[in-house]
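Results of the structural survey
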Amino acid sequence: TQLLEQSPQFLSIQEGENLTVYCNSSSVFSSLQWYRQEPGEGPVLLVTVVTGGEVKKLKRLTFQFGDARKDSSLHITAAQPGDTGLYLCAHTGNQFYFGTGTSLTVIP
Amino acid sequence: NAGVTQTPKFRVLKTGQSMTLLCAQDMNHEYMYWYRQDPGMGLRLIHYSVGEGTTAKGEVPDGYNVSRLKKQNFLLGLESAAPSQTSVYFCASSYISGGAGNEQFFGPGTRLTVL
């Protein structure tokens, strides 16, 4: 059973389009993290959200933590080829659980 | 600073062979982790360590052993490799575990194929 479910699993869009990916669970989390992993590399932390309803922005990326702290979303505005990669949400607790990931391809 | 390094980067084994993956970090982190990454499965925790001389099981520990004799090193061993252990293995470290604001730093990964 996967603790963190991410959707969609794959996403291919044209440069300049907007997109949203989701991270869902039936469990309540004290915080969630989003990582990005480029091909051939390890994941790199993008953001941590800790408060229900919290919205954080990182340039063209907007992260939201659900009010009930069970889900999170990542919205990318005007996607660029450099955004291509695997986006992983993660639960931070006594151990780390990672979601299944969304593989994003931005076509120039 | 090199961050987290892993050796080797690639390895091909035959079923039944053994090998050890080495992870090293130069950030003086207390916590270290070994994950495996398979298509459609995300990252799954194999074993982790909360400090020198300690180890603990993660989500998928069977078939693997670990050791943390020095704070900066975390070794992952496969005693008798099986095709099901074909995967990409990532090591990570963090200053603390859990809570807000914690960040895991990952190595570049080791791609292991078991024939």
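In this report, we go over the structure that sits alongside the text. Since this is a predicted model, take the numbers as computed values, not measurements. (Residues numbered from 1 in each chain as written. Chains lettered and ligands numbered in written order. Predicted model: local features only at pLDDT ≥ 70, side-chain atom pairs only at ≥ 80, totals over all residues. Heavy atoms only, no water.)

Before going further, it helps to examine the packing of aromatic side chains. Taken as a whole and assessed by the stated rule, the structure comprises 8 aromatic pairs over all chains. Taking the centre distance of 5.9 Å and the plane angle of 80° together, the rings of Phe98 of chain A and Phe106 of chain B count as edge-to-face. Taken as a pair, Phe98 of chain A in strand S10 (residues 96–98) and Phe106 of chain B in strand S10 (residues 105–106) lie in two separate chains rather than in one. The exposure classification of Phe98 of chain A matches that of Phe106 of chain B, with both residues buried. Centre to centre, the rings of Tyr35 of chain B and Phe106 of chain B are 5.7 Å apart; their planes meet at 40°, and the pair counts as tilted. Here the residue Tyr35 of chain B occupies a position in strand S4 (residues 31–38), and Phe106 of chain B occupies one in strand S10, the gap between them amounting to 71 residues. The structure contains a cluster of three or more aromatic residues connected by ring pairs, namely Tyr35 and Phe98 of chain A together with Tyr33, Tyr35 and Phe106 of chain B. (Phe/Tyr/Trp six-rings, centres within 6.5 Å; stacked < 30°, edge-to-face > 60°. Helix = DSSP H or I, 4+ residues; strand = E, 2+ residues; numbered from the N terminus. Buried < 20%, exposed > 50% of the residue type's maximum accessible area, 1.4 Å probe, protein only.)

For the rest of this paragraph, the subject is the state of the cysteines. Summed over the entire model, instances satisfying the criterion amount to 2 disulfides over all chains. Between Cys23 of chain A and Cys89 of chain A runs a disulfide, and the two sulfur atoms are separated by 2.1 Å. Taking the sign of the torsion about the S-S bond as the criterion, the disulfide between Cys23 of chain A and Cys89 of chain A, at about 75°, is right-handed. With Cys23 of chain A in strand S3 (residues 19–24) and Cys89 of chain A in strand S9 (residues 85–92), this residue pair connects regions lying 66 residues apart in the sequence. With a sulfur-sulfur separation of 1.9 Å, Cys23 of chain B is cross-linked through a disulfide to Cys91 of chain B. One quick way to see it: the torsion about the S-S bond of Cys23 of chain B and Cys91 of chain B is about -75°, and its sign makes the bridge left-handed. Of the two residues, Cys23 of chain B sits in strand S3 (residues 19–25) while Cys91 of chain B sits in strand S9 (residues 87–94), which places them 68 residues apart along the sequence. (Disulfide = S-S within 2.5 Å.)

Moving on: the sheet that holds strand S8 (residues 73–78) of chain B. Residues and elements named next belong to chain B. The strand order across the open sheet formed by 4 strands is S1-S3-S8-S7, and the pairing between neighbours is antiparallel. This sheet does not close on itself; its edge strands, each paired only once, are strand S1 (4–7) and strand S7 (65–67). Direction aside, neighbouring strands of the sheet carry axes that sit 20° apart on average. Here S1 runs beside S3; their pairing, made up of 4 bridges, is antiparallel. (Pairing = 2+ DSSP bridges. Axes fitted to C-alpha atoms, helices over the stretch in contact; angles between N-to-C directions.)

What follows deals with the sheet that holds strand S1 (residues 5–7) of chain A. All names here are of chain A. The sheet built from 5 strands is open, its strands ordered S1-S3-S8-S7-S6 with antiparallel pairing. Unpaired on one side and paired on the other, S1 and strand S6 (55–58) mark the two borders of the sheet. Sheet twist, expressed as the mean angle between neighbouring strand axes with direction ignored, is 15°. Where S1 meets S3, 3 bridges bridge the pair, whose relative direction is antiparallel. Looking at S3, one finds that Gln6 is bridged to Cys23.

For the rest of this paragraph, the subject is the pattern of salt bridges. All names here are of chain B. Enumeration according to the criterion identifies 5 salt bridges over all chains in this entry. Of the charged contacts, one joins Lys71 and Glu30 as a salt bridge, the two residues approaching to 2.9 Å between their closest N and O atoms. Residue Lys71 is located in the loop between S7 and S8, and its partner Glu30 is located in the loop between S3 and S4; the two are separated by 41 residues in the primary sequence. Looking at Lys71, the relative accessible area reads 18%, which means it is buried. Members of the salt-bridge network, linked through shared partners, are Arg36, Asp38 and Arg44. (Salt bridge = Lys/Arg side-chain N within 4 Å of Asp/Glu carboxyl O.)

Of the voids in this model, the largest pocket is the one considered here, and its volume is about 680 Å³. Lining the largest pocket are 29 residues, with Gln37 and Gly40 of chain A together with Gln37, Val88 and Arg111 of chain B sitting closest to its centre. Among the elements that line the lining of the largest pocket, the one with the most residues is S9 of chain B, at 3 residues. Split into classes, the residues belonging to the lining of the largest pocket amount to 9 nonpolar, 15 polar and 5 charged. (1 Å grid on protein atoms, 1.4 Å probe; cavity = no way out; pocket = protein on both sides within 12 Å on 5 of 7 lines; lining within 4 Å. Points joined across faces, edges and corners; volume = space filled by probe spheres on them. Nonpolar A, V, L, I, M, F, W, Y, C, P; charged D, E, K, R; others polar.)

Between chain B and chain A, the residue contacts involve 23 residues of the former and 23 residues of the latter. Of the roughly 1700 Å² buried where chain B meets chain A, counting both sides, 53% is carbon and sulfur surface. When the buried area of chain B at its contact with chain A is split by residue, Leu43, Gln104 and Phe106 of chain B rank highest and sum to 23% of it. One can count 0 salt bridges joining chain B with chain A. If you look at where chain B meets chain A, you find 2 residue pairs in polar contact (both at pLDDT 80 or more). (Contact = heavy atoms within 4.5 Å. Buried area = accessible area lost by both parts, 1.4 Å probe. Polar contact = N/O pair within 3.5 Å; in protein donor to acceptor, adjacent residues only side chain to side chain.)

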